[in-house]
Amino acid sequence: QMQLVESGGGSVQAGGSLSLSCAASGGTFSLYQWGWFRQAPGKEREFVARISWTGEPYYADSVKGRFTISRDIAKSTVYLQMNSLKPEDTAVYYCNAISGTAPLFLSWGQGTQVTVSS
């Protein structure tokens, strides 16, 4: 279990961009694959993107071609660049270590709110 702090959310209009960051501490960042998840009001938390130990990305179909996941191992930070945002991207975004498309850590950070208006 590591401590996770997400940041970078905000409110944008459809078509806009946001860049999220997640700083991890209290463990060895490079041991894990990392992922982003999101939870919209009234919905279950869902997988968004994953980056493997080798840096290979994998995306949910709903964000493929619009979102880019990256990481900085030296800073123990994972990023999510979100372009061409849609109202349906509105959610609280969270990061976590990941196995497949499932979160690995039981505890989550506070998340960061992303709101996209039409």
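Residues numbered from 1 in each chain as written. Predicted model: local features only at pLDDT ≥ 70, side-chain atom pairs only at ≥ 80, totals over all residues. Heavy atoms only, no water.

Let us look at the state of the cysteines. A complete count under the given rule lists one disulfide for this structure. The residue that forms a disulfide with C22 is C95, at a sulfur-sulfur distance of 1.7 Å. Taken together, the residues C22 in strand β3 (residues 18-25) and C95 in strand β9 (residues 91-99) connect sequence positions 73 residues apart. Accessibility expressed as a relative area gives 0% for C95, which makes it buried. (Disulfide = S-S within 2.5 Å. Helix = DSSP H or I, 4+ residues; strand = E, 2+ residues; numbered from the N terminus. Buried < 20%, exposed > 50% of the residue type's maximum accessible area, 1.4 Å probe, protein only.)

Here we come to the pattern of salt bridges. One side chain can pair with another of opposite charge once the charged atoms of both are near each other. Summed over all chains, the structure comprises four salt bridges. The salt bridge involving E46 is made with R38; its shortest N-O contact spans 2.7 Å. For E46, a relative accessible area of 37% puts it in the partly exposed group. Taking relative accessible area as the criterion, R38 reaches 5% and is therefore assigned buried. Among the ionic pairs, D89 bridges to R38, the shortest N-O distance being 2.9 Å. In this pair, D89 sits in the loop between β8 (77-82) and β9 while R38 sits in strand β4 (residues 33-39), placing the two residues 51 residues apart along the sequence. A single salt-bridge network, built from bridges that share partners, covers R38, E46, R66 and D89. (Salt bridge = Lys/Arg side-chain N within 4 Å of Asp/Glu carboxyl O.)

To continue, consider the nonpolar core. Of all hydrophobic cores here, the largest spans 33 residues; its most connected members are W34, W36, V78, L80, M82 and Y93. Every element with two or more residues in this core is listed here: β3, β4, β5 (46-51), β7 (67-72), β8, β9 and β11 (112-117). (Core = buried A, V, L, I, M, F, W, Y, C linked by side-chain atoms within 4.5 Å.)

Direction of pairing for β7 relative to β8: antiparallel, over a ladder of six bridges. Bridge pairing in β8 places F67 opposite M82. The turn linking β7 back onto β8 is made up of four residues, and S76 within it adopts a positive phi angle of 50 degrees. (Pairing = 2+ DSSP bridges.)

Now for unusual backbone geometry. In this structure, S76 is a non-glycine residue whose phi angle is positive, near 50 degrees. Residue position: S76 is located in the loop between β7 and β8. Its relative accessible area of 17% is what places S76 among the buried residues. Its identity is not glycine, yet S84 carries a phi of approximately 50 degrees, on the positive side. With respect to the helices, strands and loops of the structure, S84 is situated in the loop between β8 and β9. On the basis of relative accessible area, S84 is assigned to the partly exposed category, the value being 40%.

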